[in-house]
Amino acid sequence: MQPEKMVTMINQIATYFETQPGTDQARLVADHINDFWEPRMREQLVAHTGAGAAGLSALAQQAVAHVRLEQVQL
């Protein structure tokens, strides 16, 4: 996926969850990503964040800490 598209998508998700009650919006964003994004997309998001997180909102960046990466089974 193009990084710009990915950034737009997660920022839109974060914008939605910012309006939800409670104090754990970052976890809600991550839960959505974990439930609906395929593993390659989540890996790309984590890599993008590690490379400087260009364009990601503050909430999106916080959510990445809770994004689940698939474990490789040997």
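Reading guide: rules and limits
- Residues numbered from 1 in each chain as written.
- Predicted model: local features only at pLDDT ≥ 70, side-chain atom pairs only at ≥ 80, totals over all residues.
- Heavy atoms only, no water.
- Core = buried A, V, L, I, M, F, W, Y, C linked by side-chain atoms within 4.5 Å.
- Buried < 20%, exposed > 50% of the residue type's maximum accessible area, 1.4 Å probe, protein only.
- Helix = DSSP H or I, 4+ residues; strand = E, 2+ residues; numbered from the N terminus.
- Contact = heavy atoms within 4.5 Å.
- Axes fitted to C-alpha atoms, helices over the stretch in contact; angles between N-to-C directions.
- Parallel < 35°, antiparallel > 145°, perpendicular 65-115°, else oblique.
- Left-handed = near helix turned anticlockwise from the far one by under 90°.
- Nonpolar A, V, L, I, M, F, W, Y, C, P; charged D, E, K, R; others polar.

Thoughts on the nonpolar core
Soluble globular proteins tend to pack their nonpolar side chains together in the buried interior.
Stage number 1. Formed by 20 residues in total, the largest nonpolar core has its most connected members in Ile10, Ile13, Val29, Ile33, Trp37, Leu45 and Leu56.
Stage number 2. Elements with a minimum of two residues in this core: α1 (3-18), α2 (25-36), α3 (39-50) and α4 (58-64).
Stage number 3. It is α1 that provides the largest number of residues to this core, a total of six residues.
Stage number 4. Contact partners of Trp37, with chain neighbours within four places excluded, come to Met6, Met9, Ile10, Ile13, His32, Arg42 and Leu45.

A short note on the packing of α1 against α2
Stage number 1. The N-to-C vectors of α1 and α2 enclose an angle of 135 degrees; their axes lie 9 Å apart at closest approach. With respect to each other, α1 and α2 are oriented oblique. The handedness of the crossing between α1 and α2 is right-handed. Mapping the contact onto sequence places Ile10, Ile13, Ala14, Phe17 and Glu18 in α1 and Gln25, Leu28, Val29, His32 and Ile33 in α2.
Stage number 2. The residue inventory of the contact of α1 with α2, partitioned by class, reads seven nonpolar, two polar and one charged.

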